[in-house]
Amino acid sequence: ARSAQQLAEYGRRHVTHGISRISSLVIERASGSWVYTVDGKKYLDFTTGIGVVSTGHCHPKVVKAVQEQAANLHHAQVNVAFHKPMLDLIGKLKPIMPSPELDSFFFANSGSEAVEAAIKVARYATKKQNVIVFQGSFHGRTIGAMSLTTSKTIYKTGFGPLMSGVHVAPFPYCLKCPAHYAAPDVYSIANCCNNSIDQVELVLKQQTAPQDTAAILIEPVLGEGGYVPPPNDFFKKLRDLCDRNNILLIADEVQSGFGRTGKMFAIEHYGVVPDIQVMAKGIASGFPLSAIVSKKELMDLQLPGSMGGTYTGNAVACAAAKATIEVFEEENIIDNVNERSTQIFSLLKSKLPSLIPSSMSVDIRGLGLMIGIEFINAPSGFVNAVMKEALEKHQLLLLTTSIYECIRLVPPLNISAEEAEDGVNRFLKAVESVAA
Ligand code: PMP
């Protein structure tokens, strides 16, 4: 048998160089909050495969549902027939949508595909073309979704021409707002002076007129761009702006959805209903499934045949998603998210500032278990060193963001109090040794 090192070498030789990877671990199995490598090492997982294994790795209920489904039906192509697992899943999804009006679904396999489906729906329904996105957003890697992505140039470099009609507004990011810098005690995220909605109005005046703008696409909490929640009143203003200008509001809940922020969908924190909601990742605890949902009247404007895909809404993935939602119900997952969130925030806020040099400061932000930790004035490479130290010395898996010197914590939503504390302590130790 090959050693772990040989297997990693084999991977480096035969898996595309185009993927960047935070480690050379070769994972063999995983359970709950832990992953196990081929050489018998055990790591605490604060990445959950980028927010995917919401119910922890291999939750027994999800495993059982998948096994049973695999024995009954793998695939029933959507252009051929309905299939029962998808209809059962819709029954579970309907009651948890941000509004009962959102009741017409299209399923796909990945977040990128679902984002593109949402853009197609918006363009066809409004008979307009342009889309406004926000700076620092990640919406996917296919050509259309990549054109809407503004979090890192590497996603697009050399791949043009891109999809046209994309216009970029600044994301309301209080930390980077001059007034916040001047008086951080006065202007917090909850009480923002930022003129961010004016910036969107300005895009409609300077870049794309309302009569050319089909949709505004936004992550309710900026994901890869640094786990930044907008100010509390931003979404109400954005909804109003969309309504006044006949523009559709598309919420990309791919990373923030399915309980991650302490409500089923992040947009619920802001009391707003989107016209189209995009979902993926946490929906099926690790199986490839994504979806968009809108009002029936909106989805029904699509011409029959204009939407589809060989594998969309795969039966086994639908069964995994149904089981995932049942786990949420049976195990009060959302309560756990809120409790662990309070626990982790208070541990970080009480312990982290004293571990870093006085020349640096730290912004600890986010919602629920979507926790961003930005080291301000940190030397370049600081968080990469923290990530490496956490991995190699403390067996903790961490992710960075596209913002320089920012770590994101993305633990399983059913992580225990002990594991949460354990993970934070491993992280703090890594910061301490890198900062020393
Ligand atoms: N939207 C958001 C907010 C995401 O975080 C991601 C993935 N990180 C995507 C879209 C794209 O999803 P996928 O990788 O499944 O195509």
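Residues numbered from 1 in each chain as written. Predicted model: local features only at pLDDT ≥ 70, side-chain atom pairs only at ≥ 80, totals over all residues.

Side note on the overall build of the protein chain
Here is step 1 of the chain: A tally of regular secondary structure across the protein chain gives 14 helices and 15 strands.
Here is step 2 of the chain: For the protein chain, the proportion of its 436 residues judged to be buried stands at 49%.
Here is step 3 of the chain: Taking as baseline every contact in the protein chain between residues at least 6 positions apart, the subset at least 24 positions apart corresponds to 74%. (Helix = DSSP H or I, 4+ residues; strand = E, 2+ residues; numbered from the N terminus. Buried ≥ 20, exposed ≤ 12 C-beta atoms within 10 Å, placed from the backbone. Contact = placed C-beta atoms within 7 Å.)

Let's talk about the pairing of strand β12 (residues 370-376)
Here is step 1 of the chain: For β12, the buried fraction is high: 6 of the 7 residues fall into the buried class.
Here is step 2 of the chain: Pairing geometry for strand β11 (residues 361-367) and β12, over 7 bridges, is antiparallel. Within the sheet, the bridge partner assigned to Leu367 lies in β12 and is Met370.
Here is step 3 of the chain: Taking the residues between adjacent antiparallel strands as the criterion, β11 and β12 are bridged by 2 residues, where Gly368 takes a positive phi near 60 degrees. (Pairing = 2+ DSSP bridges.)

Some remarks on the site of the ligand
Here is step 1 of the chain: Close contacts around the ligand come from 15 residues, with Ser110, Gly111, Ser112, Val254 and Gln255 the closest.
Here is step 2 of the chain: With 3 residues, helix α5 (residues 111-126) is the largest single contributor of residues to the shell around the ligand.
Here is step 3 of the chain: Classifying every residue of the shell around the ligand gives 5 nonpolar, 7 polar and 3 charged. (Near = placed C-beta within 6 Å. Nonpolar A, V, L, I, M, F, W, Y, C, P; charged D, E, K, R; others polar.)

What about the domain arrangement of the protein chain?
Here is step 1 of the chain: In terms of domain boundaries, the protein chain breaks down into domain 1 (4-55 + 332-435) and domain 2 (61-330).
Here is step 2 of the chain: Measuring from the centre of the C-alpha atoms in domain 1 to the corresponding centre in domain 2 gives 25 Å.
Here is step 3 of the chain: Counting residues at the interface gives 28 residues for domain 1, matched by 31 residues for domain 2.
Here is step 4 of the chain: Elements supplying a minimum of two residues to the side of domain 1 that touches domain 2: α2 (48-51), α12 (333-351), β11, β12 and β15 (406-409).
Here is step 5 of the chain: Examining the composition of the side of domain 1 that touches domain 2, we find that 5 residues originate from one element, α12, more than from any other. (Domains from an automatic or database assignment.)

Some remarks on the packing of α12 against helix α14 (residues 417-435)
Here is step 1 of the chain: Closest axis-to-axis distance for the α12/α14 pair is 10 Å, and the angle between their directions is 25 degrees. If you check the angle between α12 and α14, you find them roughly parallel. Crossing angle aside, the handedness with which α12 passes α14 is right-handed. Taken together, the residues of α14 that come into contact with α12 (itself represented by Arg340, Gln343, Ile344, Leu347, Leu348 and Lys351) are Ala417, Ala420, Glu421, Val424 and Leu428.
Here is step 2 of the chain: Residues of the contact of α12 with α14, tallied by class, amount to 7 nonpolar, 1 polar and 3 charged. (Axes fitted to C-alpha atoms, helices over the stretch in contact; angles between N-to-C directions. Parallel < 35°, antiparallel > 145°, perpendicular 65-115°, else oblique. Left-handed = near helix turned anticlockwise from the far one by under 90°.)

Quick notes on the environment of Tyr124
Here is step 1 of the chain: By the secondary structure assignment, Tyr124 is in helix α5.
Here is step 2 of the chain: Tyr124 gets classed as partly exposed once you count the C-beta atoms within 10 Å, which come to 16.
Here is step 3 of the chain: Sequence separation between Tyr124 and Leu298 is 174 residues; the distance between their C-alpha atoms is 9.7 Å.
Here is step 4 of the chain: Dropping the residues within four chain positions of it, Tyr124 is found in contact with Leu301 and Gln302.

Concerning the environment of Pro288
Here is step 1 of the chain: By the secondary structure assignment, Pro288 is in the loop between β9 (276-279) and β10 (290-294).
Here is step 2 of the chain: With residues near it in sequence (within four places) discarded, Pro288 still touches Asn109, Ser110 and Ala317.

Re unusual backbone geometry
For residues that are not glycine, phi is negative in most cases, and the peptide bond is trans in most cases.
Here is step 1 of the chain: For the bond from Gly160 to Pro161, the omega torsion is 0 degrees, close enough to zero to count as cis.
Here is step 2 of the chain: Structurally, Pro161 can be placed in the loop between α6 (143-147) and β6 (166-169).
Here is step 3 of the chain: Despite not being glycine, Cys58 has its phi angle at roughly 50 degrees, a positive value.
Here is step 4 of the chain: In this structure, Cys58 sits in the loop between α2 and α3 (60-72).
Here is step 5 of the chain: Overall, the presence of 15 C-beta atoms within 10 Å leaves Cys58 in the partly exposed class.
Here is step 6 of the chain: Phi at Gln395 takes a positive value of approximately 50 degrees, unusual for a residue other than glycine.
Here is step 7 of the chain: Along the chain, Gln395 turns up in the loop between α13 (382-394) and β13 (396-397).
Here is step 8 of the chain: Judged by C-beta crowding, with 15 C-beta atoms within 10 Å, Gln395 ranks as partly exposed.

Looking at the nonpolar core
Here is step 1 of the chain: Ala118, Ile250 and Ala320 are the most contacted members of the largest nonpolar core, which has 120 residues in total.
Here is step 2 of the chain: Counting residues per element, this core draws most heavily on helix α11 (residues 315-330), which supplies 10 residues.
Here is step 3 of the chain: Taken domain by domain, the makeup of this core includes at least three residues from each of domain 1 (4-55 + 332-435) and domain 2 (61-330).
Here is step 4 of the chain: Aside from chain neighbours lying at most four places away, what touches Ala320 is Val62, Ala65, Val66, Ala284, Ser285 and Phe287. (Core = buried A, V, L, I, M, F, W, Y, C linked by C-beta atoms within 7 Å.)

Observations concerning the pairing of strand β8 (residues 248-252)
Here is step 1 of the chain: Judged by how many residues are buried, β8 sits mostly within the fold: 5 of 5 residues are covered.
Here is step 2 of the chain: Of the pairings in the sheet, the one linking strand β7 (residues 213-218) to β8 comprises 4 bridges and is parallel in character. Residue pairing across strands places Ala215 opposite Leu248, the latter belonging to β8.
Here is step 3 of the chain: Note on the crossover from β7 through helix α9 (residues 234-245) to β8: the handedness is right-handed.
Here is step 4 of the chain: Here 3 bridges tie β8 to β9, and the two strands are oriented parallel to one another. Across the sheet, Ala251 pairs through a bridge with Gln277, a residue of β9. (Right-handed = clockwise from strand over helix to strand, strands pointing away.)

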